[in-house]
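# A closer look at the structure
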Amino acid sequence: MNIIEDLRVLAGDNNVIENEPMSKHTTFRIGGKADVFITPDSDKSLFACVEYVKNRNIPYYIIGNGSNLLVRDNGFRGVIIQLYKNFSDIKVKDNIITAKAGALLSSAAKTAMNNSLSGMECLSGIPGTIGGAICMNAGAYGGEMKDIVVETKVINNGKFETISNEDSEFGYRKSRIMAENMIVVETVIKLEKGSKEDIQAKMSELLVQRNSKQPVELPSAGSTFKRPEGYFAAKLIDDSGLRGFSVGQAQVSPKHCGFVVNNGGSTAKEVIELMDKVSQKVYEKFGVKLEPEVRIIGE
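The structure contained in this document is the topic of the report that follows. (Residues numbered from 1 in each chain as written. Predicted model: local features only at pLDDT ≥ 70, side-chain atom pairs only at ≥ 80, totals over all residues. Heavy atoms only, no water.)

## A short note on helix α9 (residues 268–286)
- The first and last C-alpha atoms of α9 sit 27 Å apart over 19 residues, in line with the 27 Å expected at 1.5 Å per residue.
- Inspection of α9 places Ala 268, Val 271, Ile 272, Leu 274, Met 275, Val 278, Ser 279 and Val 282 among the buried residues, and these make up the whole buried set. Buried residues of α9 fall within an arc of 160° about the axis and therefore sit on the same side. Across α9 from its buried face, at more than 90 degrees, point the exposed residues Lys 269, Glu 284 and Lys 285.
- Contacts from the buried residues of α9 go to β4 (69–71), α8 (233–239), β16 (246–247), β17 (250–252), β18 (259–262) and β19 (295–297).
- With its phi angle positive at about 70°, Gly 287 sits one or two positions after the end of α9. (Helix = DSSP H or I, 4+ residues; strand = E, 2+ residues; numbered from the N terminus. Expected span 1.5 Å × (residues − 1). Buried < 20%, exposed > 50% of the residue type's maximum accessible area, 1.4 Å probe, protein only. Arc of directions from axis to C-beta. Contact = heavy atoms within 4.5 Å.)

## Regarding the packing of aromatic side chains
- Taken as a whole and assessed by the stated rule, the structure comprises 1 aromatic pair.
- In this arrangement the basic side chain of Arg 56 is found over the ring face of Tyr 52, its NZ or CZ atom lying 3.7 Å from the centre.
- Lys 289 extends its terminal NZ or CZ atom over the ring of Tyr 283, reaching a point 5.7 Å from the ring centre. (Phe/Tyr/Trp six-rings, centres within 6.5 Å; stacked < 30°, edge-to-face > 60°. Lys NZ or Arg CZ within 6 Å of the ring centre and 35° of its normal.)

## Structural notes on the sheet that holds β17
- Taken in spatial order, the 4 strands of this open sheet run β15-β18-β17-β16, and their pairing is antiparallel. Across the chains shown, the open sheet's two edge strands, defined by having one partner strand only, are β15 (220–223) and β16.
- Sheet analysis places β16 next to β17, joined by 2 bridges and oriented antiparallel. When the sheet's bridge partners are listed, Ser 246 is paired in β17 with Gln 251.
- Sheet strands in contact with α9 are β16, β17 and β18, and its direction is about 30° off that of β17. (Pairing = 2+ DSSP bridges. Axes fitted to C-alpha atoms, helices over the stretch in contact; angles between N-to-C directions.)

## Considering the nonpolar core
- Counting residues in each nonpolar core, the largest one holds 55 residues, and the members touching the most others are Leu 7, Ile 38, Leu 46, Ile 130 and Met 145.
- Setting aside residues up to four positions removed in sequence, Leu 7 forms contacts with Gly 12, Val 16, Val 36, Ile 38, Cys 49, Tyr 52, Val 53 and Val 79. (Core = buried A, V, L, I, M, F, W, Y, C linked by side-chain atoms within 4.5 Å.)

## Let's talk about unusual backbone geometry
- You will see that Asn 57, though not glycine, has its phi angle at about 55°, which is positive.
- Within the fold, Asn 57 resides in the loop between α2 (43–55) and β3 (60–63).
- The class of Asn 57 is exposed, set by a relative accessible area of 70%.
- Of note in the backbone geometry, Tyr 141 takes a positive phi value of approximately 50° without being a glycine.
- Relative to the assigned elements, Tyr 141 resides in the loop between β9 (139–140) and β10 (143–144).

## Concerning the layout of surface pockets
- Looking at the second largest pocket, its volume works out to about 220 Å³.
- Lining the second largest pocket are Lys 24, His 25, Thr 26, Thr 27, Arg 29, Thr 39, Asn 65, Gln 82, Tyr 84, Lys 85 and Asn 86.
- Considering only residue class, the lining of the second largest pocket consists of 1 nonpolar, 7 polar and 3 charged. (1 Å grid on protein atoms, 1.4 Å probe; cavity = no way out; pocket = protein on both sides within 12 Å on 5 of 7 lines; lining within 4 Å. Points joined across faces, edges and corners; volume = space filled by probe spheres on them. Nonpolar A, V, L, I, M, F, W, Y, C, P; charged D, E, K, R; others polar.)

## Considerations on the pattern of salt bridges
- Following the criterion strictly, the structure yields 16 salt bridges and no others.
- A salt bridge links Glu 180 to Arg 176, with the nearest nitrogen and oxygen atoms 3.1 Å apart.
- What makes Glu 180 partly exposed here is its relative accessible area of 41%.
- The partner of Lys 255 in a salt bridge is Glu 217, with the nearest N and O atoms 3.4 Å apart. Taken together, the residues span a long stretch of sequence, with Lys 255 in the loop between β17 and β18 and Glu 217 in the loop between α7 (196–213) and β15 at a distance of 38 residues.
- One continuous salt-bridge network, built from bridges that share partners, spans Asp 43, Lys 100, Lys 153 and Glu 186. (Salt bridge = Lys/Arg side-chain N within 4 Å of Asp/Glu carboxyl O.)

The structure is reproduced here in structure tokens:
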């Protein structure tokens, strides 16, 4: 049996694709082909696929809906394991939500609202999955994942483990789960009982705010750079005269300088060149080093 046949046995025939364009699976709409693209639909198949590629030293990378990801133009030599549509169950019991790693934050927040549970309103507009949000302790409008997570089931060193909120060591856009390359399987979130109407109103208000300030109409990977301590990346970029600055079809958004957008047909090479030039200019002008928030993979 070859590798593809083995993986089809482990993940299911329809859940393994060869030479899959990653531009179809990132919100940037950019990226070359992955050798193998897998969409496991259970904890068991996820674990089996990860162990298979690890034991054979095959490069692999776990993605959600690709909202914080830039794949290089030559693609990814190895296996991409996507936890998204096939791995997105959300369950509710009282004020507790248990969500699989591939569930969208927006879907979890909507489920919370429909069950009159408050605490996810500020996170509802973030265009990522639960797994990615846990890894980087995603946050917006004064709230972060660390505020609501009870515990997270992960794959760590060849076994399933449950990591408490405290042991997750959440920080600004980081966690122990990300630092130690654990794979999020599902997380348990504790919320407060509230008024469905109030929750819905708050979510709508924040969505209007987000849509008016951010370039949601164009493909991007969200915030391109992390917030430097004591500064705002977008303001530094704007004050460096880079609003609307372009390299090819990649552009610093004129609407919000913290975003690099794909104006149509942009390549990863153009985005990376743009990011480098922005970082260089900001450092020359303000002496502040911008760190990418977007993850870059491939070759």
